[in-house]
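# Coordinate analysis (summary)
Residues per chain, in single letters:
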Amino acid sequence: MTSNEIGELFVERFAQMPTLVAAAPGRINLIGEHTDYNGGFVFPAAIDLGMLVAALPTQGPSEMYSKQTGEGAPFRANTVEKDECKSWSRYPAGMAWALREIGPLDDLLAVVDSDIPLGSGVSSSAALEMAFGVLWNHHCGLGIQPKELALLGQKCENGFVGVQSGIMDQMACAMGRAGCAMFLDTRSLEIRYAPIPDELSIVLCDTGKPRALTDSAYNERRSQCEEASCILGVPMLRDATLEMLEQSSAQMSDVIYRRARHLIPENARCLAFAGALERADFAELGRLMRQSHESLRDDYEVSCKELDAMSEAAWNSPGCVGARMTGAGFGGACVALARKESINEFCESMLAGYRAATGLVGEASACRAADGARIVEP
Ligand code: GLA
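Here is what the cut-offs are and how they apply
Residues numbered from 1 in each chain as written. Predicted model: local features only at pLDDT ≥ 70, side-chain atom pairs only at ≥ 80, totals over all residues. Heavy atoms only, no water. Pairing = 2+ DSSP bridges. Helix = DSSP H or I, 4+ residues; strand = E, 2+ residues; numbered from the N terminus. Contact = heavy atoms within 4.5 Å. Axes fitted to C-alpha atoms, helices over the stretch in contact; angles between N-to-C directions. Buried < 20%, exposed > 50% of the residue type's maximum accessible area, 1.4 Å probe, protein only. Polar contact = N/O pair within 3.5 Å; in protein donor to acceptor, adjacent residues only side chain to side chain. Domains from an automatic or database assignment. Buried area = accessible area lost by both parts, 1.4 Å probe. Salt bridge = Lys/Arg side-chain N within 4 Å of Asp/Glu carboxyl O. Near = heavy atom within 4 Å. Areas by Shrake-Rupley, 256 points an atom, 1.4 Å probe, with all protein chains shown as cover. Phe/Tyr/Trp six-rings, centres within 6.5 Å; stacked < 30°, edge-to-face > 60°. Lys NZ or Arg CZ within 6 Å of the ring centre and 35° of its normal.

## Observations regarding the sheet that holds strand β7 (residues 180–185)
The 3 strands are arranged β2-β7-β8 in an open sheet whose pairing can be described as antiparallel. Among the strands making up the open sheet, the edge pair consists of β2 (41–42) and β8 (190–195). As paired strands, β2 and β7 are joined by 2 bridges and run antiparallel to one another. Across the sheet, Val42 pairs through a bridge with Leu184, a residue of β7. Packing against the sheet, helix α5 (residues 168–175) makes contact with β2, β7 and β8, and its axis sits at approximately 135° to β7.

## Regarding the side chain of Asp113
Structurally, Asp113 can be placed in strand β6 (residues 107–114). For Asp113, a relative accessible area of 8% puts it in the buried group. Engagement of the side chain of Asp113 in a polar contact is seen with the side chain of Gln68, the distance being 2.8 Å. Apart from the residues within four sequence positions on either side, Asp113 is in contact with Met1, Ile6, Leu9, Gly50, Met51, Leu52, Lys67 and Gln68.

## Structural notes on the domain arrangement of the protein
The domain architecture assigned to the protein consists of domain 1 (3–28 + 42–195) and domain 2 (200–367). Using only C-alpha atoms to locate each centre, domain 1 and domain 2 end up separated by 26 Å. Each partner contributes to the interface: domain 1 provides 24 residues, whereas domain 2 provides 27 residues. Counting each side, the surface lost to burial between domain 1 and domain 2 is near 1900 Å², with a carbon and sulfur contribution of 61%. Where domain 1 meets domain 2, there are 3 salt bridges. Linking Arg192 and Glu278 is a salt bridge whose minimum nitrogen-to-oxygen distance equals 3.8 Å. Broken down by secondary-structure element, the contributors of at least two residues to the side of domain 1 that touches domain 2 are β1 (20–29), β3 (44–58), β7 and β8. Among the elements that line the side of domain 1 that touches domain 2, the one with the most residues is β3, at 4 residues.

## Observations concerning the site of the ligand
In the neighbourhood of the ligand, the contacting residues comprise Arg27, Glu33, His34, Asp36, Tyr37, Ser165, Gly166, Met168, Asp169, Tyr218, Gly327 and Ala328. With respect to the ligand, the side chain of Arg27 contributes an N or O atom lying 3.0 Å from an oxygen atom. A distance of 2.6 Å separates an oxygen atom of the ligand from a polar atom in the side chain of Tyr218. Look at the ligand: alone it shows 310 Å² of surface, and the protein chains cover 93% of it.

## Observations concerning the packing of aromatic side chains
If you walk through the whole model with that rule in mind, you get 7 aromatic pairs. Consider the rings of Phe10 and Phe14, whose centres lie 4.9 Å apart with planes at 45°: the pair is tilted. In this pair, Phe10 and Phe14 are both assigned in helix α1 (residues 3–14), 4 residues apart and thus about one turn of the helix distant. We classify Phe10 as buried; its relative accessible area is 0%. Members of the aromatic cluster, joined through ring pairs, are Phe41, Phe43, Phe183 and Phe273. When the ring centre of Trp97 is taken as origin, the NZ or CZ atom of Lys155, which lies over that ring, is 5.8 Å away. Taking NZ or CZ as reference, Arg259 lies 6.0 Å from the ring centre of Tyr300, over its face.

## With respect to α5
With 8 of 8 residues buried, α5 lies mostly within the body of the structure. Those residues of α5 that sit buried are Met168, Asp169, Gln170, Met171, Ala172, Cys173, Ala174 and Met175.

## Some remarks on the side chain of Asn267
For Asn267, the location among the structural elements is in helix α8 (residues 254–278). Excluding residues within four positions of it along the chain, Asn267 makes contact with Thr35, Gly40, Phe41 and Arg238.

Pasting the structure below:
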């Protein structure tokens, strides 16, 4: 997809030329899962599966068309309220709702073309938010820095879309850097960019099973974590230790105990992963990713049989350094790190193993770490 192609698509739909084009990446998380709403560490990368959005300011309401998902519900950027917009355009509408506190917005005609797989847990929603964020920011001269734009994207998810998500997706999508993953402290929002070693590929291993019931189960996990931190007497689970958890285990239900038993070590695994990546200690990377998956499966209970089968198939494939489910879970995709020199054998073997275990056809895409959301045409 190029900015010429998105321009043509725009002309087909609106019979006018767009004046702005923005690009935004999807994201994949290497490790640190469900830690972001607990003040912890995450390790995502923006990826080269992304979207382009072409736009033209308009006097009429904002109207949007997506090549993949069709017409969005129209809305007025300066007045739209939540529950008013049911289609995919609730993401741009929610961004408008969050941005207009900074300054008045013009409405936009917009066309979206994306190769971010939908329902795979690689943040097509954050990409939409950040793409429209940079469009309005640029066009209306709002002067918002990428970090603040990410926070406004989270505000849109939490206050407008109604998912109590953390900050990882928007930060990765706004602030990704080509060739690097980002070690992010979600409390201080400090980022350490970590180059992906040349000999490794990041592979998105899509189960083909779309994520299901995500919003309600996700919000439930979040409140379970809040309950655990309340019992442990810490502001967030990031501040707790396993010793504290053992001391208080009698005061909490088994479910709450197991949620915390995922969270506390997952945070430590994320830190350890950063060190192992720096040392190019591939064995350690693999061990940490596997532990993360098993903990998400057994204690946090956000995996599913397809994600388990895909991880297992990846672990058993030649050239695999590590693999685990990525994103919120309940379907979607796994992330694998595989040696570049055996990438074809790895993908073939993993997909065959997955098919043998489930009867389903998965998909593997080797990704590169990409730059964050930006204006590509003035
Ligand atoms: C979703 C949320 C993120 C994060 C992950 C799980 O992608 O949007 O904030 O919580 O799930 O790690």
